[in-house]
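# Architecture and fold: a report
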Amino acid sequence: MNILILGDIMGPSGRQVIVEKLPEIIRKKKIEFVVVNGENAADPGVGITKENSDDFFKAGADVITTGNHVWDQKETMEFINFEKRLLRPSNLFKGAPGNGFGIFRGKKNMKIAVINLMGNVFMKKCDDVFESAKQFVEKVKLKKDADFIIVDIHGEITSEKMAIGHFFDGKATMVVGTHTHVPTSDYRIMTEGTAYQTDIGMCGDYNSVIGMNKENSLKFFLKDPSAKKHYPALGEGTISGLMVIADDKTGLASRIEPIILGKHLENRI
Ligand SMILES: [Fe+2]
């Protein structure tokens, strides 16, 4: 099973590069299942609308994960209740709308579990991420309950994400980090067979400060009161993510390939 997971789709530039380039990547790399993190997709670079989600599904996404910005567009709390392919972090406080994980069908009717987790350090308050991970692995076992398990750990700090990676080693097909919008070079298959990357980067304009307009961001850091709150960079976008070739028999990773395609970053595809 060839699985592709893409990092945070950031504002109009991110959306455009997904619509333009994702179908071609799927075809060329023979991708069979696609997960994208969509929590920054809406115009201001925060949140996701129904229209954004529909565009990603049309471009080839099978599941959309999110994170701390999941509720930044008002409509999301409503439509997430009937759009089961859109996930919010599973460790949000009890009573949050929508689901944090789901089991979806891929080729040959294989079961693909996707769980969206959010870190606790420097993030919005949510339930203990390790406790939630523990509950999940007790409930969903690789090759028993699902043929493949994909984990998106949306978090700020590298140590927490790496620890989650090791926690799932041998128990999930892949664990990837999202949220920082910067792809890390530590993509690998861990000792027990789980693919891992601390952060898979963003899909958006890298001539920016993590996807936001660079001049405006500098104003903000220089404490210029004219700095706007949300001002995404609108230049040409780059797609960034990780492709995992997973063994149908074991559900573990047999090969991985980072995918970077577009302007401003050195391409890897
Ligand atoms: Fe985030």
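Heads up: these notes are all about the structure in this document. Along every chain, residues carry numbers that run from 1 in the direction the sequence is written. Only residues with pLDDT of at least 70 are given local features in this predicted model, and only at 80 or more are side-chain atom pairs given and counted; all residues enter the totals for whole chains, interfaces and linings. For side-chain calculations, the full set of non-hydrogen atoms in the structure is used, while hydrogens and water are omitted.

### Considerations on the overall build of the protein chain
Secondary structure elements are defined from DSSP: runs of H or I of at least 4 residues count as helices, runs of E of at least 2 residues count as strands, and each element is numbered from the N terminus. Regarding its fold elements, the protein chain presents six helices and 13 strands. For the C-alpha atoms alone, the extent of the protein chain along its principal axes is close to 55 × 40 × 35 Å. Considering the protein chain as a whole, with its 269 residues, one finds that 58% of them fall into the buried category. Taking as baseline every contact in the protein chain between residues at least 6 positions apart, the subset at least 24 positions apart corresponds to 63%. Every accessible area reported is derived by Shrake-Rupley at a probe size of 1.4 Å, with residue values counting cover from the shown protein chains alone. Surface accessibility of the protein chain: about 11,800 Å² in total, with carbon and sulfur atoms responsible for 54%. Here's how the labels work: a residue is buried when its accessible area is under 20% of the maximum for its type, exposed when over 50%, partly exposed in between, all with a 1.4 Å probe on protein chains only. We call two residues in contact when some of their heavy atoms are within 4.5 Å.

### Some details on the coordination of the iron ion
Within the first shell, the iron ion binds the protein through E39 (OE), N68 (OD1), H154 (NE2) and H179 (ND1), at distances of 2.0 to 2.2 Å. Note that the iron ion binds four donor atoms; their angles at the metal cover 86 to 172 degrees, and the shape is irregular. Only N, O and S atoms count as donors, using a 2.8 Å limit from the metal and a wider 3.2 Å limit for Na, K and Ca, and since water is excluded some coordination spheres may look unfilled. Donor residues for the iron ion, ordered by position in the chain, follow E-x28-N-x85-H-x24-H. Residue E39 is located in the loop between strand 3 (33–37) and helix 2 (50–59), and its partner H179 is located in the loop between strand 8 (174–178) and strand 9 (188–189); the two are separated by 140 residues in the primary sequence. Relative accessible area serves as the criterion here: at 11%, H179 is assigned to the buried category. Every angle between 85 and 135 degrees makes a four-donor site tetrahedral, while opposite donors more than 155 degrees apart, with all other angles between 65 and 115, make a four-donor site square planar and a six-donor site octahedral; other sites are irregular.

### Some thoughts on the sheet that holds strand 9
One open sheet accounts for six strands, arranged 5-6-7-8-10-9; its pairing is mixed. Taken across any chain shown, the strands that pair with only one partner, and hence form the sheet edges, are strand 5 (101–105) and strand 9. As judged from the seven bridges shared by strand 6 (residues 111–118) and strand 7 (residues 148–154), these two strands associate in the parallel manner. By the bridge assignment, M118 is partnered in strand 7 with H154. Here a strand pair is declared whenever DSSP counts at least two bridges between the two strands.

### Section: the packing of aromatic side chains
What counts as a ring pair is set by centres within 6.5 Å for rings of Phe, Tyr and Trp (its six-membered ring), and what kind of pair is set by the plane angle: stacked under 30 degrees, edge-to-face over 60, tilted for all other angles. Scanning all chains against the criterion turns up four aromatic pairs. Their ring planes at 80 degrees and their centres at 5.3 Å tell us that F220 and F221 sit as a pair that is edge-to-face. The class of F220 is exposed, set by a relative accessible area of 54%. Using a relative accessible area of 56% as the deciding quantity, one classes F221 as exposed. Here the aromatic cluster, defined as three or more aromatic residues joined through ring pairs, consists of F101, F136, F167 and F168. A ring is scored as having a charge over it whenever the NZ atom of a lysine or the CZ atom of an arginine sits within 6 Å of its centre and within 35 degrees of its normal. Taking NZ or CZ as reference, R85 lies 3.7 Å from the ring centre of F57, over its face.

### Things to note about the layout of surface pockets
The computed volume of the largest pocket comes to approximately 620 Å³. Grouping the amino acids of the lining of the largest pocket by side-chain chemistry returns 11 nonpolar, 10 polar and five charged. Think of a 1 Å grid over the protein atoms and nothing else: a 1.4 Å probe that fits but is trapped marks a cavity, an open set flanked by protein within 12 Å on at least five of seven lines marks a pocket, and residues with an atom within 4 Å of a point count as lining. Grid points are joined across faces, edges and corners, and a volume is the space filled by probe spheres set on the points. In this model, the second largest pocket occupies a volume close to 320 Å³. Lining the second largest pocket are 19 residues, with S90, N91, S132, Q135 and K139 positioned closest to its centre. In terms of residues, the lining of the second largest pocket owes the most to one element, helix 4 (residues 129–139), which gives five residues. The residue makeup of the lining of the second largest pocket, split by class, is six nonpolar, eight polar and five charged. Only Asp, Glu, Lys and Arg are considered charged in this grouping, and only Ala, Val, Leu, Ile, Met, Phe, Trp, Tyr, Cys and Pro are considered nonpolar; every other residue, Gly among them, is considered polar.

### So, the environment of F122
Within the element layout of this structure, F122 appears in the loop between strand 6 and helix 4. Once you skip the residues sitting within four places of it in the chain, F122 turns out to touch E156 and I157.

### Let's talk about the nonpolar core
By size, the foremost hydrophobic cluster in this structure holds 27 residues, and its most contacted members are L4, I18 and F56. Looking at which element gives the most residues to this core, the answer is helix 1 (residues 11–28), with five residues. L4 has contacts with L22, I25, I31, F33, V34, V35, L242, M243 and I259, leaving out every residue within four places of it along the chain. Among buried residues, those of type Ala, Val, Leu, Ile, Met, Phe, Trp, Tyr and Cys that are joined through side-chain atoms within 4.5 Å constitute a nonpolar core. Counting 22 residues, the second largest nonpolar core, distinct from the first, contains I5, M110, I150 and L242.

Bear in mind that shape data such as this cannot, by itself, settle questions of function.
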